[in-house]
Amino acid sequence: MQLFISDLDGTLLDRNAEVTEYTKNALNRLIAKGMNFTVATARTYSSAGRILAGLDLKLPLILMNGVLIYDPVSKDYEVINKLPQDDVERIVGLCEKLGLSPFIYLMNGSVMSTAYRELTNQAMVDFYEERVRKYGKAFIHTEKPAELDGDVIYFCFLDSFDKLQPMQEALSNIPSLKTAFYHDIYGDEWYLEVFSASASKESGVRYLREKYGFEKITAFGDNLNDLPMFSASDECISVSNAAEELLKTSDKVIGANTEDGVAKYLEEEFDG
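Each value, and the rule that gives it
- Residues numbered from 1 in each chain as written.
- Predicted model: local features only at pLDDT ≥ 70, side-chain atom pairs only at ≥ 80, totals over all residues.
- Heavy atoms only, no water.
- Pairing = 2+ DSSP bridges.
- Helix = DSSP H or I, 4+ residues; strand = E, 2+ residues; numbered from the N terminus.
- Axes fitted to C-alpha atoms, helices over the stretch in contact; angles between N-to-C directions.
- Contact = heavy atoms within 4.5 Å.

Peer 1: Lay out the pairing of strand E7 (residues 111-116) in plain terms, naming residues and giving numbers.
Peer 2: Pairing of strand E6 (residues 103-108) with E7, which is carried by five bridges, proceeds in the antiparallel orientation. Residue pairing for E7: Leu106 is matched across the bridge by Ser113. Pairing between E7 and strand E8 (residues 139-141): three bridges, direction parallel. Counted as the bridge partner of Tyr116 is His141 from E8.

Dropping the structure here:
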């Protein structure tokens, strides 16, 4: 039994961060024929769910780089990886020291919220405005991040490489934390995402393998945060627009995200 699992932005989605009609129709037809397919993304369900609304997905989704695993059938979270409170306080303190203002994701039971103290650059403003306008996402503005109500699961920084690198270096040797540091494919800034060491796209893939008994897992990706997913998969496929480091580790390279590369490859696999 085989599972196909794809990253979203830069891989399955087009340059407008949408599933094209071609890809939607192809995937739905193949899923109806019995193909096992799901996604692994850095996005939350509030945006990923809307993007994927036209797909007949039946298997759990790996969200926020593996922090959350969400069942689209039962509409509930199967896995929630929380950050230790000591680490949350340490990161908030470093933010003040380094002059950084992240988006902070929290869970109250099964309800997620996103907070921020300040939108410090245009990339953060664009991130905020797109998610409000396009996905109806609600944000919480707070002057005191340390006093937020709920369990913190994720920090998302969006800024220049030079501004984020000191934070990345400060957190990289903390055993209870994991980070993803990569270039924003839609702009000039960088993402630094911080989450529990128990979470990753790799752990999400392993969870799905163990739960369903998949004998072979084929993963599709484009960026550095897909490397953990590749390490847990049996076959690694990059779209042609992928980062150079990912291309070097791939078993195959297929058409770009702007060419419906993933869908066309899967059609060849199942219909060829």
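Peer 1: Outline the sheet that holds strand E1 (residues 2-6), listing residues and values.
Peer 2: Here five strands make up an open sheet; going across it, the order is E2-E1-E12-E13-E14 and the pairing parallel. Sheet topology places strand E2 (36-39) and strand E14 (252-254) at the edges, where each strand pairs with a single neighbour. Sheet twist, expressed as the mean angle between neighbouring strand axes with direction ignored, is 25°. Where E1 and E2 come together, four bridges link them in parallel fashion. The partner of Ile5 across the bridge, within E2, is Thr38. With respect to the sheet, helix H10 (residues 261-271) is in contact with E1, E2, strand E12 (216-221), strand E13 (235-239) and E14, its orientation differing from that of E14 by roughly 115°.

Nothing here speaks to function; it is all geometry.
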